[in-house]
Amino acid sequence: MRALITGITGQDGSYMAELLLGKGYEVFGIVRRSSVKKFDRIEPLMDRIELMEGDLTDQSSLDSIIHAVQPDEVYNLAAQSFVPVSWNQPVLTGDVTGLGVIRILEAIRQHQPKAKFLQASSSEMFGKVRETPQTEKTPFYPRSPYGVAKVFGHYITVNYRESYGMFACSAMGFNHESPRRGMEFVTRKVTHQVAKIKCGLANKLLMGNLDAKRDWGFAGDYVRAMWMMLQQPQPDDYVLATGKTHSVRELVEVAFAAVGLDWKKYVEMDPKLIRPAEVDFLCGDATKAREKLGWQPEVSFERLIKMMVEADMEAVQRAEHGYLATTAMRGGRS
């Protein structure tokens, strides 16, 4: 089996690559050409995967890659996925996160129509929720350019499935985190800053809306569900969620508690971190995925945040030791 992953250098892409390699797949990944290579998440896998230069904004590169690889499965995990940036760069977000989906679907339709396709949709599509919990049938009400772009990507996936008979699925994933999460996301921002505070390298954590609630799960659990979706006899869309919500305040509490600190002594509110239109509450109902796929998340919220704090503690301490060693060498000491 051959699989092609867009966004292979990201959190979900790296977990997906690991999963597929473990199942004996040949794994190919699309990476954007850049003068600075950021392959840290997939560094241990580099000798087992093949990377190909391409971009979701460039149709010709996607056509060439699909034609050359002839994949059995395509996982579209790439996007401009940071919600606050979508307000500053709405056109780019729409081009990559929205139109990028139709470009890769077109490449598949033209060059490998038998390939199975997985679109990574998002709980941000629900936005100002119409019902709780959210299911596959809950109406969308996106509250950001990112959410709007994801709605387009979701519906164009459904459209290609119904119009061309393609095996195209949409994974409506709620927030999923890990130690590989980008620093710009709130979970990683919190756990990394907690590690710096514990190590004496910082003394406060600036936060926005502590009352926003999310359904947070572990990325490794979610990519497993995405793979399971493409192993079914018929394509379909599935909500992937834990069904449990936690506030940003709870996230902060658990993270500081993991290192034995009282969060109230270090957290300060910053009005600049409040979004123009906030999504206040998201909670997914993954009954369909549980019943049809036999999937359920294995890592709890508390275990996830503790895992992330521990990983960030190791990273911060490693970086600090490296800095001290370098400083000592420059000073003529060994």
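You'll find the structure just up there.
Please read all numbers here as calculations on a predicted model, not as lab measurements.

Here we take up the overall build of the protein chain. Looking only at helices and strands, one finds 10 helices and 13 strands in the protein chain. Relative to the globule expectation of 20 Å for 334 residues, the C-alpha radius of gyration of the protein chain, 20 Å, shows essentially globular dimensions. With the C-alpha coordinates aligned to their principal axes, the bounding extent of the protein chain is approximately 60 × 50 × 40 Å. Counting the 334 residues in the protein chain, one finds 51% classified as buried. Accessible area of the protein chain: about 15,500 Å², with a carbon and sulfur share of 49%.

Here the focus is the packing of aromatic side chains. Counted by the stated rule, this structure contains nine aromatic pairs. When the centroid spacing of 5.4 Å and the interplanar angle of 55° are considered together, the rings of Phe-126 and Phe-140 count as tilted. One end of the pair, Phe-126, is in the loop between β5 (116-122) and α5 (145-164); the other, Phe-140, is in the loop between β5 and α5, with 14 residues separating them in the sequence. An aromatic cluster is defined as three or more aromatic residues linked by ring pairs; in this entry it consists of Phe-126, Phe-140, Tyr-155 and Phe-174. Positioned above the aromatic ring of Phe-167, the side-chain terminus of Lys-116 is 4.6 Å from the ring centre. Geometry around Phe-185 places Arg-181 over its ring, the cationic atom sitting 3.7 Å from the centre.

Direction vectors running N to C along helix α4 (residues 90-111) and α5 enclose 15°, while the axes themselves pass 8 Å from each other. Judged by the angle between their axes, α4 and α5 are roughly parallel. Crossing of α4 over α5 shows right-handed handedness. Residues Pro-90, Thr-93, Gly-94, Thr-97, Gly-98, Leu-99, Val-101, Ile-102, Leu-105, Glu-106 and Arg-109 of α4 lie in contact with α5, whose contacting residues are Pro-145, Tyr-146, Ala-149, Lys-150, Phe-152, Gly-153, Ile-156, Thr-157, Tyr-160 and Tyr-164. In the contact of α4 with α5, the residues fall into 12 nonpolar, six polar and three charged.

So, about the sheet that holds strand β2 (residues 26-31). Strand order in this open sheet of seven strands is β3-β2-β1-β4-β5-β6-β11, and the pairing throughout is parallel. The sheet is open, and its two borders are formed by β3 (49-53) and β11 (237-240), each paired with just one other strand. Here the average twist between neighbouring strands, direction ignored, is 20°. When strand β4 (residues 73-76) meets β5, the two strands line up parallel, connected through four bridges. Looking across to β5, one finds that Tyr-75 is bridged to Leu-118.

With that settled, consider the pairing of β5. For β5, the tally of buried residues reaches six of seven residues, placing the bulk of the element in the interior. Pairing geometry for β5 and strand β6 (residues 167-173), over seven bridges, is parallel. Paired with Ser-121 across the two strands is Met-172, which belongs to β6.

Before going further, it helps to spend a moment on the packing of helix α1 (residues 11-22) against helix α7 (residues 219-229). At a minimum axis separation of 9 Å, α1 and α7 run at an interaxial angle of 60°. Comparing their axes, α7 and α1 come out oblique. Crossing of α1 over α7 shows right-handed handedness. Within the contact between the two elements, α1 uses Gln-11, Asp-12, Tyr-15, Met-16, Leu-19 and Leu-20 and α7 uses Ala-219, Gly-220, Val-223, Arg-224, Met-226 and Trp-227. Here the contact of α1 with α7 is built from residues that sort into eight nonpolar, two polar and two charged.

Another aspect to go through is unusual backbone geometry. Of note, the bond from Thr-132 into Pro-133 is cis; its omega dihedral lies within 30 degrees of zero at -5°. Even without glycine at this site, Gln-70 takes up a positive phi of about 50°. Mapping Gln-70 onto the fold places it in the loop between α2 (59-69) and β4. On the basis of relative accessible area, Gln-70 is assigned to the partly exposed category, the value being 31%.

Quick notes on the rules
- Residues numbered from 1 in each chain as written.
- Predicted model: local features only at pLDDT ≥ 70, side-chain atom pairs only at ≥ 80, totals over all residues.
- Heavy atoms only, no water.
- Helix = DSSP H or I, 4+ residues; strand = E, 2+ residues; numbered from the N terminus.
- Rg over C-alpha atoms; globule rule 2.2 N^0.38 Å.
- Buried < 20%, exposed > 50% of the residue type's maximum accessible area, 1.4 Å probe, protein only.
- Areas by Shrake-Rupley, 256 points an atom, 1.4 Å probe, with all protein chains shown as cover.
- Phe/Tyr/Trp six-rings, centres within 6.5 Å; stacked < 30°, edge-to-face > 60°.
- Lys NZ or Arg CZ within 6 Å of the ring centre and 35° of its normal.
- Axes fitted to C-alpha atoms, helices over the stretch in contact; angles between N-to-C directions.
- Parallel < 35°, antiparallel > 145°, perpendicular 65-115°, else oblique.
- Left-handed = near helix turned anticlockwise from the far one by under 90°.
- Contact = heavy atoms within 4.5 Å.
- Nonpolar A, V, L, I, M, F, W, Y, C, P; charged D, E, K, R; others polar.
- Pairing = 2+ DSSP bridges.

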